[in-house]
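# Architecture at a glance
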Amino acid sequence: MAVIHRTTLKPTKLELLTAWLPTRPWYAGGPDEPRLSKAGGFRLDDPKGEVGIEFMVATDTSGTHPAAYLVPLTYRGAPLAGAEHALVGTAEHGVLGPRWAYDGAHDPVLVTQLLALIEGSAQAQAQSATDTPDHDVTRSCAADVPLASGPVTVADDEEGTDLSLPEGATLRLHRVLHPAPQGASLVPPGAVGHVAGPWQQPDGERVQGLFAALYSGPRA
């Protein structure tokens, strides 16, 4: 169970993301520095209790139109070997000390737990409360979920990130988020599983959209 500490983090998560987001191919902001706000998200527990796992939704009002991004993050007490390219930044936690924050798409602990969430063997947890399930996060699964037990190939594009799993399946992270029309299915065509959730738009409207989708083979 992840424990949420009421303490300081220097620099803050949003400060780390302000520098990191514009380096991503899916960043859709303007030429100026991002103007970010935390707008939603959830956490997952690491069964070993070693890695913090957070799926943050951040909104950015620096561009012509507001944008919302899904940023899966992992927090570690020591560097993750071989993941230097995925480092978002380092920060000093008021209780836990130095923390290394990574793009979670490159962290095997996050990938494993996201697949467990899709399968139904893990529960989404509230972003800012200890031991509190987040029932606003929805998931589905219509096939066997593969294990992330081997090398995972990660590829970014202008809308998101594809994770090619060892058994041939594809896990798609929707980085640029789009509100789903009222009553529309959140499962995209061809997907065998999904995760969706809510966030708050800059104008205060609460919307819902697709966070991740699982495909049994390459994504069409």
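These numbers come from a predicted model, not from an experiment.

### Re the pattern of salt bridges
The tally for this structure, following the rule as stated, stands at 10 salt bridges. When the shortest N-O distance is used, the salt bridge between aspartate 157 and arginine 219 registers 3.7 Å. Of this pair, aspartate 157 sits in the loop between β8 (153-156) and β9 (160-164) while arginine 219 sits in the segment after β12 (206-215); the two residues are 62 residues apart in sequence, bridging distant segments of the chain. Judged by its relative accessible area of 25%, aspartate 157 falls in the partly exposed class. Taking relative accessible area as the criterion, arginine 219 reaches 31% and is therefore assigned partly exposed. With a closest N to O distance of 3.1 Å, aspartate 162 and arginine 172 form a salt bridge.

### Brief notes about the packing of aromatic side chains
Taken as a whole, this structure holds 6 aromatic pairs when the rule is applied. Between tryptophan 199 and phenylalanine 211 the ring centres are 6.2 Å apart and the planes differ by 35 degrees, which places this aromatic pair in the tilted class. Here phenylalanine 211 lies in strand β12 and tryptophan 199 lies in strand β11 (residues 193-200), a separation of 12 residues in the sequence. Residue tryptophan 199 shares its accessibility class with phenylalanine 211, and that shared class is buried. Members of the aromatic cluster, each reached through a chain of ring pairs, are Trp20, Trp26, Tyr27 and Tyr69.

### What about the pairing of strand β4 (residues 67-76)?
In terms of burial, β4 is largely enclosed, as 10 of its 10 residues are buried. As defined by bridge partners, strand β3 (residues 52-60) adjoins β4 across 9 bridges and the pair is classed as antiparallel. Residue pairing across strands places phenylalanine 55 opposite proline 72, the latter belonging to β4. Hairpin connection from β3 to β4: 6 residues lie between these consecutive antiparallel strands.

### A short note on the nonpolar core
Membership of the largest hydrophobic core comes to 36 residues, with the highest contact counts inside it found for Phe42, Leu171, Val195 and Leu214. Top element by residues in this core is helix α2 (residues 108-119). It accounts for 8 residues. The residues touching leucine 214, leaving out its near neighbours within four places in the chain, are Leu115, Ile118, Val145, Pro146, Leu165, Ala169, Thr170, Leu171, Ala191, Val192 and Gly193.

### Notes on the environment of tyrosine 215
Position of tyrosine 215 among the secondary structure elements: in strand β12. It is 9.1 Å that separates the C-alpha atoms of tyrosine 215 and glycine 168, two residues lying 47 residues apart in sequence.

### Regarding empty space enclosed by the protein
Inspection of every chain in the model, using the stated rule, returns 2 cavities of 30 Å³ or more. Empty space within the second largest cavity amounts to approximately 30 Å³. What lines the second largest cavity is Phe42, Phe55, Leu70, Leu114, Leu173, Val195, Phe211 and Ala212. Grouping the constituent residues of the lining of the second largest cavity by class yields 8 nonpolar, no polar and no charged.

About the cut-offs
- Residues numbered from 1 in each chain as written.
- Predicted model: local features only at pLDDT ≥ 70, side-chain atom pairs only at ≥ 80, totals over all residues.
- Heavy atoms only, no water.
- Salt bridge = Lys/Arg side-chain N within 4 Å of Asp/Glu carboxyl O.
- Helix = DSSP H or I, 4+ residues; strand = E, 2+ residues; numbered from the N terminus.
- Buried < 20%, exposed > 50% of the residue type's maximum accessible area, 1.4 Å probe, protein only.
- Phe/Tyr/Trp six-rings, centres within 6.5 Å; stacked < 30°, edge-to-face > 60°.
- Pairing = 2+ DSSP bridges.
- Core = buried A, V, L, I, M, F, W, Y, C linked by side-chain atoms within 4.5 Å.
- Contact = heavy atoms within 4.5 Å.
- 1 Å grid on protein atoms, 1.4 Å probe; cavity = no way out; pocket = protein on both sides within 12 Å on 5 of 7 lines; lining within 4 Å.
- Points joined across faces, edges and corners; volume = space filled by probe spheres on them.
- Nonpolar A, V, L, I, M, F, W, Y, C, P; charged D, E, K, R; others polar.

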